[in-house]
Amino acid sequence: MPKFSVDLNPDNNLPKLVVTYQLTGATPELIEQEATSPLESVLSQIGGIQNIYSISSLYSGTIEITFDRDVDLDFKKFEVSSSIRQLYPKLHKALTYPQIEQRGKTDVSKQPILLYKINAPYASFEIKETVGKIFVNSLSLIQGIREVSVYGAEGLQISVDYDVDKLSIHNIAPSQIHAILQDEFSSFFPGALFLASGQKLAIKVDNNLKSIEEIEHIKLPTTSGLIQLNDLATISIQESKQRNYQRVNGLNSISLSVFADEGVNRLDLANTIKESVDQLKAKLPLDYAIELDYDDTEFLTKEIEKNYTRALLSVLILLVFILIAYRNWRHLLILFTGILVTLSITSLIGYFLKISIHLYTIAGITISFGLIIDNAIVVLDQLERRAGKSIYSAVLGATMTTIMALLLVLFLPEQERQNLTEFCIIVAISLFCSILVSLFYIPALYKLTRSGASYNNKLFSSASRMRIKFFNNYSTLITILSSYRRVVIGLLVLCFGIPIFLLPAKWDDHEWYNSTVGSELYQDQIRPVTDKILGGALRLFIRDVYERSGYRDPQRTALYIEASLPQGNTLNDMDRVIRFMETYLQSVQGIKKFITNVNSGQRGSIVIFFEKKVENGSLPYQLKSRLIAQSLDWGGVDWNIYGVGRAFSNSSGESLPNFKVSMKGYNYEELEAQSQILSDKLLKHKRIQKVNTNERLSWNDRSIEHFVLSIDKDKLSGLALTPARIALNLQEKTALEYASGSLNLNGKSIPLYVAPANGETYSTFDVLNDYQRSDQVQYQLTNTAELIKEKTANAIHKENKQYIRQVGFDYYGSYQFGDKYLTEVLTELSTIMPPGYLAEKLNWSFSWEKTKRQYSLLLLLIIGIYCISAILFESLKQPFYVIISIPISFIGLFLSFSLFDLYFDQGGYAAFVLLGGLVVNSSIFILNDFNQKRKKNRREFIKSTFIKLRPITLTILSTCMGLVPFLIGGQHEIFWFSLAAGTIGGLIVSVISIALVQPILMVDKS
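Not measured: the values here are computed from a predicted model. (Residues numbered from 1 in each chain as written. Predicted model: local features only at pLDDT ≥ 70, side-chain atom pairs only at ≥ 80, totals over all residues. Heavy atoms only, no water.)

### Thoughts on unusual backbone geometry
Part 1: Even without being glycine, Asn 800 reaches a positive phi, approximately 50°.
Part 2: Examined against the element boundaries, Asn 800 turns out to sit in the loop between strand 29 (796-799) and strand 30 (802-809).
Part 3: Positive phi values are uncommon outside glycine, yet Glu 874 reaches one of about 55°.
Part 4: As for its position among the elements, Glu 874 is in the loop between helix 25 (848-873) and helix 26 (878-883).
Part 5: Using a relative accessible area of 75% as the deciding quantity, one classes Glu 874 as exposed. (Helix = DSSP H or I, 4+ residues; strand = E, 2+ residues; numbered from the N terminus. Buried < 20%, exposed > 50% of the residue type's maximum accessible area, 1.4 Å probe, protein only.)

If you want it as structure tokens, here you go:
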């Protein structure tokens, strides 16, 4: 178990590295020009890259590098780091050093795996420093940990708050103060000293700062002599301003958050972290207290334990079933040990294939128990009847059809197969292993444990008479029904359903259709009757089930609150908004925990978890409604509240357009021109009023309003000023967002802030009306410049050096007509676009093409089963009798979901695929037995069916029994409940196909 990767869901991602960087005040265009493009050019030369995707947004940029699955990610991380180190000196001076993380671009908001709360009677920065020394460095060395962070406190900073007027009088620039402090209190290596003896000595100048008073006594040169720094500025050492907040249950505390890498054994890692923390906390001072406040693996542990319980329960049910069916301890031993051997071999193969343990693989193993026993039961029955080895080829062929059905999922696009991949692979592996066990282990163990005891002749004679009587009645029934073969086929078709209920009420430009099917007579009087009679189980399924089906993710029940404020709001503004929600949540009963993150003045979020007894009840839905009502009290705040039910958003941003077009090209300006050409063509249609040529690609790509200082250069000519000098003067009067440098104080590196004393009060009014000084000349910008409010561009997206741009518009009319017109425009545009440029229509998450692709695999499955059966039987006709059992079993699946009002999720689709491979096995066994007989007539086929009914019924029941534990949790159990319900329903109905339909179709009427 510790050797496997353990997580809640399978890791479908390829190895990824994400490079992030910031450039204060930069627009997306500047980020792209100064950072993203040069970084991409260098990083794209690294080998093993499958895809590179970049986003240049306001003030920051991100480059996501996806590697081939088999690369050594640690080595690739070293290569990326080396390339960045060589390039960084050539980049913009204000650009932060790019950080490298092992995560996906959608993994930004991932919760910590463990969160500890620390309390102590000291200043918060002291607690942070102590915790950082003891825990951060030690925990970061543990393999599998991505990041260890301390929240709730900031470190110390050295502040030099200068008086702008005094600096102006003495003609001293703030940059001079910063330069002198760096020269006075920095350690550096000026070079080497070569002695006459030939020795080489390294020189180090060590100017560490001992106390803050040393800064106060620094002297600066002026035109009238030297002046002490403390006469011009106030020097202090203080706690840095809070840059973010993280709270649990609304309480302020110092928290230690540990984040895990993807693809690790999260349970094993959490236990290792807990053990390390228990050892390290002994180093804390006596008045420090540390306690675990949040454990992300609790839900994972409970879910995996639940599945282990299901697996154990499934085995117990199967063992009891075997004992009741055979009433023989010897058979129980053979079948039970067969399961253990198969499971052991499957585990070894899974380990070597690097299949991780998660909810889907555990479910796959559990479901496999019933399938594994099927082959063993058939072989054991053959051994009991001493019928030779003729069954072996049928076992191989039948199991291969099931394996083929499972592996068809691999033909789906990567995004669509998602969680089904490893589920299908692990079941296919177990079935393959079951073939080996059934063909070699079961016969050997049967021979080894074979008893010489003879049967009770009296009992045997009584049972034989009952079997003969039942066979005669069964044979008579089949013979009678075969005389009404067409009636039986018609009833089967009606039970399955003819999809006439899908016919549209009207068909444009087809008068014959509208006058018949589209007429009022048919629609109002005939159609309600024919749809019910001819629609069958298919109509019930599509009308009552499929239309409200959808993908579900097996996560714990949680509510998510996201708040956003316009640009210009401070961290405290956002914190005040979030605290309002926290105060309300503290009064709600049934909430287990809520975690708050306030990252900036524009972003804040709360994640709410519930107690187990209420998480599947009505409280989450009621609380969501109450939170929506609470959010309406705050004007100017954009809220997103989601997690259960329909998501709520009061965002004032633009709504999603009806149609979207993705455009790609290698030149940003040319791509912009091509999007404008597309816009002009679309606007020719009178039903299209507006086209957005720069639609955002994600919800985070929001453009913001900012002020642009527009300077009239002609009016500056008399002042001997440049726009660059004006910008520098303004920067010297405003507060700093980031440190201007750092100083070593008693061996510790502390950020240095050289800023104006009243910089935080500087306003847009001051920008134009405050007096600026240049060469002893005072001036105001009010007569030479103006502040203009402009919108920034959306984030710039790029994939494999191709820029991506989206064009969106609304079509006021029928969607079909709008789609047709867009297709015509794109076809015309493709003929005039330059080489290397592409425009393609985007579809929403649900599309008929996607659905058609998924269910067309069922047709491919049928073709594959036909080919395997044709090879096995050496016949082109008999495979059709095998295939007929598939649609009949689907009747049971349709009825299971529609009659019991069950939710159809991805497990239901898996049930379709699994049924297609399972129900044909029984037919294959019967036809194989029939083909081995010398005489091939009506009686012999009925006899083959009758003989195989017992083992076939046992195999079907064993499979159903193995699935029963997945029904216990009800519909809240995502994936496996619908998988179990659909498969059991289909298998039960398939018995009718095996026992009645197939003999009726094959037996000659005469």
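Structure shown, so let's carry the discussion forward.
### Remarks on empty space enclosed by the protein
Part 1: For the structure shown, the criterion picks out 5 cavities of 30 Å³ or more.
Part 2: Approximately 190 Å³ is the volume attributed to the largest cavity.
Part 3: Going through the elements one at a time, helix 10 (359-384), helix 11 (391-407), helix 28 (906-931), helix 29 (938-963) and helix 30 (976-1002) are the ones with two or more residues in the lining of the largest cavity.
Part 4: Among the elements that make up the lining of the largest cavity, the one with the highest residue count is helix 28 (5 residues).
Part 5: Looking at the second largest cavity, its volume works out to about 60 Å³. (1 Å grid on protein atoms, 1.4 Å probe; cavity = no way out; pocket = protein on both sides within 12 Å on 5 of 7 lines; lining within 4 Å. Points joined across faces, edges and corners; volume = space filled by probe spheres on them.)

### Quick look at the sheet that holds strand 16 (residues 558-564)
Strands in a sheet are paired, the pairing made by backbone hydrogen bonds, and the direction either parallel or antiparallel.
Part 1: Read across the open sheet, the 6 strands follow the order 13-17-18-16-19-20; overall the sheet is antiparallel. Where the open sheet ends on each side, the last strands, each with one partner, are strand 13 (245-248) and strand 20 (648-649). (Pairing = 2+ DSSP bridges.)

### Focus on the pattern of salt bridges
Part 1: This structure, assessed with the given rule, holds 24 salt bridges.
Part 2: Close ionic contact of Glu 32 with Lys 798 constitutes a salt bridge, the shortest N to O distance being 2.7 Å. Placement of Glu 32 in helix 1 (residues 28-43) and of Lys 798 in strand 29 is noted, with a sequence separation of 766 residues between them.
Part 3: Among the residues examined, Glu 32 registers a relative accessible area of 5% and is labelled buried.
Part 4: Across the pair Asp 531 and Arg 527 runs a salt bridge whose closest N-O atoms are separated by 3.0 Å. Placement of the pair is Asp 531 and Arg 527 together in helix 17 (residues 520-544), with a separation of 4 residues, close to one helical turn. (Salt bridge = Lys/Arg side-chain N within 4 Å of Asp/Glu carboxyl O.)

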